[in-house]
Each structure stands twice: as C-alpha cells, then as structure tokens.
Amino acid sequence: MMSTSEVIKLIDTTRCTACRGCQVACKQWNELPGLRTKNRGSYQNPPDLGWNTWTLIRFQEYVNEKGTFKWLFRKDGCMHCTDAGCVKVCPSGALYHTEYGTVGIKKDLCIGCKECTAACPFEIPRYNRRTDKMTKCDLCLTRLQANQQPACVKSCPTGALSIGPKDKMLTAAYDRVKVLGGDANVYGDKFLGGTHVLYVLSEKPEVYDKLPKSPSIPLSVTVWKDWLKPLTWIAGGGVIAGSLLHYILHGPKRPYPEVDQGDHAERGK
Amino acid sequence: MPEKGMIKATDLFERVVHWMLAGSCILLFITGLGMMFRELNFIGNFMGGLVGLKYVHNFTGIFFIVSLVLAARMWWREAGKFEFPDDIEWIKQAGGYLWRVDHVAEAGKYNAGQKMFFLTVVGCGALMGVSGLIMWFPMGLPMGLVRWMYPLHAFGFVVLFAFFFVHLYLGTIGSPGSLPAMLDGWVTRAWAKTQHPKWLKEMEAAGKLEVYGEEKKEAVSH
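Residues numbered from 1 in each chain as written. Chains lettered and ligands numbered in written order. Predicted model: local features only at pLDDT ≥ 70, side-chain atom pairs only at ≥ 80, totals over all residues.

Let's talk about the interface of chain B and chain A
Chain B puts 36 residues into the contact, and the matching count from chain A is 34 residues. If you list the elements that add at least two residues to the side of chain B that touches chain A, you get α1 (12–36), α2 (49–79), α5 (143–171) and α7 (189–195) of chain B. Element by element, the count of residues in the side of chain B that touches chain A is highest for α5(B), at 14 residues. By residue class, the composition of the side of chain B that touches chain A is 24 nonpolar, seven polar and five charged. (Contact = placed C-beta atoms within 7 Å. Helix = DSSP H or I, 4+ residues; strand = E, 2+ residues; numbered from the N terminus. Nonpolar A, V, L, I, M, F, W, Y, C, P; charged D, E, K, R; others polar.)

Take a look at the structure:
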C-alpha cells in the first residue's frame, strides 16, 4: 500500500463522529499511559495534547452567523510540515524528515532542550519530565515502514481518516470539498511547504479552536537561526581579524617610555 | 614574581571573581556552540553525550549568574558610572589604541572602554541569565514570550562572543603589562601611569597605594 514516496494523512472532519477510537488506538500502539483527568463538563478528554497524548479530538460548540448550532470535531496532532520549525531548531538531529516526508523523532538523540516547543506553530511537541525527552506523533513510522496504516487511520470506523500518496490525497481532499460546498476548505497544502497531514474543514479555519489561520515558522525562529546564528562567525571572526590587523598595522599599546623615564627620575630623587 | 616598586592593581577577591566569571563564560560558550551548531555536537562526547552537555551548560549557567552578581556588585562603583568630561575625552581618543595620542585622557581605575565592556557584560549577562532560565523552565509561561527567549539568548551570545575576543586581545598582547593585573595583581608603575593615571594619583594622594617592597599603608577591601 505504502511506497517510500511522500504520503499524506487526510482528516475529513465532516466524517468524524468523535468516537475517539483514534485517540485510544494511538495510546495503545505507542504504549502511552492514560492519566487521571477531571470532568470539566466536556467530552474533550484529556483537555489538551501532552507527552502521553499525541492525538486528541477537540470538541467545540459553534453557532454560525445564521444562528445554526454545530458541533465541531477536530483531530489535533502533528501536521508533519515540509518546512518544519521543529526540525530547523533541533540541536541534535533528533527531529528529522523521514523518507515519507513526515517528521520523525529519534528518542535516543533527544536531549530534552524543549527548543522545538517554541518553534512549532501548532504547539505540538511536549516534554516528558520523567524521561527528560520530547514526544510527538511520528505518524506511526514503523507501521508505515511495514506497509501498515498508522494506528489512528486503522482504527477509524467512519472513513474520516485515510492515508495515501501525496497527489492522490490532495485530489481526494479537493474532490470532497467540492461535494461539501459552502465554507468547506482544504487546510494544510498552502503553508509551511505543504503539510503531510491535511484537513477537510466544514468551516473557515479561523472558526476552529487552537487552529492557526495561516501558520508559519515563527519570526523568532527566523531571527534566531537565519540571522543571529550566522552572525556568530562574522562577529567573532571580524573581531579576531581586527585585533590581528591592529597588532600588525598599529602595534600594541605599550606603557609610554617617557612615563617610565620620568618615573625613574622621580624615584631617583 | 613582583619586583620592587610594582603596584597592586587588584585584590585576591577581585581576581577570583574575574576568573569565576571568565571560566564559566568560556565553558558556556563552548557548550552553547555545541548545541547551536550540529557540526559541533561532538563537544558533547567529552561530557557523556549531548544530554550531559546540556546539563553542564545549564548548571554552569547558575554558576555564571552567581559570578555575574558578585562582579556587578564589586565593580559597579568603579566601572558602572561614566565620569565627565574625562570618559568622553577618552572615547574621542579611542583610548590611544588606534592612533598616537600625546596625552591619553585621565582614566580612573577603569577607563571608558573598560566601563563600556563592563556594562555590556552585565547587561548581556543578565539577559543571558533571564532568557536562559526561561528556556530551561518554560512551563506555564505564555508561548509568545518563551519563543523570543531563544533569539535574545543568541543575540546576547553574539555580542559577548565578539566582546570576549576584544577583551582577550587587550588583556594580553594588545596591551602588554595588563595581564599581570589579573594574575598576581602586581603591575608596573609605568603601566599604571599610562593606563590609569587618575587612579594612580588618587591612590597616592589618599595614601592607599600598595607598592611591593614598601610597607603596606592601609588595606582596601570591597
């Protein structure tokens, strides 16, 4: 089923019934523990993504401008960006692009510096205090490599989740949007070099909780990695070169000999 | 070894704090570079891997903050405030480093250049400490704030890294006679008169100058 070319996982939110089978399957396959949570009056549980929750169905009550109530379900998780902020900042190479275009994570290389947390426009990577490492969805890389679907896709009973070659999934997403009409749109192909997780949304992106309208690599990451980082060698090298030039062309600043002589004269008195 | 007639420029506490700050700063540079550049990841090999390097960096950071507080308290009075018009005059002459100056402007214990260096180290050092601690413990803080700690940390590093080499040059071959001030603390009278004439005059006038081979007049402490 899966070749080694780029893949896309399509999340058709209009087909999601919020059964949360994908949440459970993800925990089961990746051996992530369930932690006790409190009833906050919402089916959304746990309340947020975490080191032990790599995917989560967000429940949202939405009333549109016509006064129609809608219950929106969105499966949140790593978007597997092509221009991935996390890969860009990771100091150890723990975060990397796999042969499928997805973003994998090499646990043994992760040093728990948390730099990726601040680089991700979706706030996906989470820190596990106990292991001192970051965690996130890797789109079940080992399953892909064994020609299997990711656990979440495998578990989905309604067809809201599917995975396949990039072109095929893009076409499928746009075909679906055409059928849905209205505000329905494809989310994910127009930014960050195209993500490897694609949404079909029934509403405009800005309607959804915790979903950036037009995500990009944060400006802070650009300033940090593209401007200041190269400046290290320019500034350091410039100063060293300048110092050497000063030494050769001008010479060091020695104590004035006349001061020395005057001093001797003074002391001779 | 000091010779007769040499002048005590720094006391032991000053030198210890200086080297605490310098040592931690250099170790932070090396370990920081090991994380900033993938090509320099190998530096972690000497510290039990990159995780070990991270912890060396973080805990050296704590030591650096302590050293910085001690240094700032110790040198603030002498290097934290500019004095007019001498310091302006000194800056106009570039301290006599770039072209020949007949009479370098009167400089106290620290000249305008050293004051600028000191204030930069204190300012950028504080920035490194605050941003570093937030990077280490970002939990609970707004992401918009945490995000900017990384470029701020990198900015402080670039400034300190460049200043480090200026300091290294002027503390050694660029200004012969300066290094002993931070080794055993004894400098020649000629060096003191060239570099810090006002300080020399004031110390002599106050009878506080410690001259090797002469009876110590009065202990000066911080």
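Here's the deal with the packing of helix α4 (residues 112–136) of chain B against α5(B)
Residue and element names in this part refer to chain B. Relative to each other, α4 and α5 sit at 145 degrees, their axes nearing to 9 Å. The two elements α4 and α5 cross, and the hand of that crossing is left-handed. Between α4 and α5, the contacting residues are F117, T120, C124, L127, M128, S131, G132, I134 and M135 on the first element and V146, M149, Y150, L152, H153, G156, V159, L160, F163 and H167 on the second. Partitioned by chemical class, the residues of the contact of α4 with α5 number 13 nonpolar, six polar and no charged. (Axes fitted to C-alpha atoms, helices over the stretch in contact; angles between N-to-C directions. Left-handed = near helix turned anticlockwise from the far one by under 90°.)

Topic: the confidence of the model for chain B
Residues and elements named next belong to chain B. The pLDDT averaged across chain B works out to 92; a share of 97% of its residues lies at or above 70. Model confidence for chain B, summarised as mean pLDDT per element, is weakest for helix α3 (residues 86–92) at 88 and strongest for α1 at 97. Overall fold confidence for the complex sits at a pTM of 0.90, while the interface term, ipTM, reaches 0.88. (pLDDT = per-residue confidence, 0-100.)

A look at the nonpolar core
One finds A:C86, A:C116 and A:L198 to be the most contacted residues of the largest nonpolar core, which totals 78 residues. Look past the residues within four positions of A:C116 in its chain and what remains in contact with it is A:C86, A:V89, A:C90, A:L95, A:P125 and A:M134. In this structure, B:A9, B:A181, B:A190 and B:M203 belong to the second largest nonpolar core, which totals 12 residues. (Core = buried A, V, L, I, M, F, W, Y, C linked by C-beta atoms within 7 Å. Buried ≥ 20, exposed ≤ 12 C-beta atoms within 10 Å, placed from the backbone.)

Regarding the environment of A:L201
Residues and elements named next belong to chain A. With respect to the secondary-structure elements, L201 resides in strand β10 (residues 197–201). Placed 21 residues apart in sequence, L201 and L180 show a C-alpha to C-alpha distance of 9.6 Å. Among all residues touching L201, those that are not within four sequence positions of it are T13, A184, N185, Y187 and Y208.

Some details on the domain arrangement of chain A
Taken domain by domain, chain A comprises domain 1 (7–215) and domain 2 (221–268). Summarising the inter-unit geometry, the C-alpha centres of domain 1 of chain A and domain 2 of chain A are found 54 Å apart. (Domains from an automatic or database assignment.)

Concerning the pairing of strand β3 (residues 69–76) of chain A
Residues and elements named next belong to chain A. Where strand β2 (residues 56–63) meets β3, eight bridges bridge the pair, whose relative direction is antiparallel. When the sheet's bridge partners are listed, I57 is paired in β3 with K75. Between the antiparallel neighbours β2 and β3 lie five residues, among them G67 with a positive phi of about 85 degrees. (Pairing = 2+ DSSP bridges.)

Digging into the packing of α2(B) against α4(B)
All names here are of chain B. Two elements in contact, α2 and α4, have axes separated by 10 Å at closest approach and are oriented at 150 degrees. By the angle class used here, α2 and α4 are roughly antiparallel. You can see that α2 and α4 cross each other, and the crossing is left-handed. Within the contact between the two elements, α2 uses N58, G61, I65, L68, A72, W75 and A79 and α4 uses Q114, K115, F118, V122, G125, G129, G132 and W136. (Parallel < 35°, antiparallel > 145°, perpendicular 65-115°, else oblique.)

What about α1(B)?
All names here are of chain B. Taking 1.5 Å of rise per residue, 25 residues should cover 36 Å, and α1 covers 35 Å from first to last C-alpha, within 8% of that figure. Buried within α1 we find V17, L21, S24, C25, L28, T31, G32, G34 and M35. On its buried face, α1 is in contact with α2 and α5. (Expected span 1.5 Å × (residues − 1).)

Some details on unusual backbone geometry
Here the amide bond leading from A:N45 into A:P46 is cis, since omega sits at -5 degrees, within 30 degrees of zero. Residue position: A:P46 is located in the loop between α1 (21–29) and β2. The omega torsion of the bond from B:F84 to B:P85 falls at 0 degrees, within 30 degrees of zero and hence cis. By the element assignment, B:P85 lies in the loop between α2 and α3. With phi around 60 degrees, A:A18 is a residue other than glycine that occupies positive phi space. By the element assignment, A:A18 lies in the loop between β1 (7–12) and α1. The residue A:H80 is not glycine, and still its phi comes out positive at about 50 degrees. Positionally, A:H80 belongs in the loop between β3 and α2 (85–89). Given 29 C-beta atoms within 10 Å, A:H80 falls into the buried group.

Some details on the environment of A:L109
Residues and elements named next belong to chain A. By the secondary structure assignment, L109 is in the loop between β5 (103–105) and α3 (115–119). Accessibility expressed as a C-beta count within 10 Å gives 18 for L109, which makes it partly exposed. Along the chain, L109 and L32 lie 77 residues apart, while their C-alpha atoms are 20 Å from each other. Those residues in contact with L109, other than ones at most four positions away along the chain, are S92, G93 and A94.

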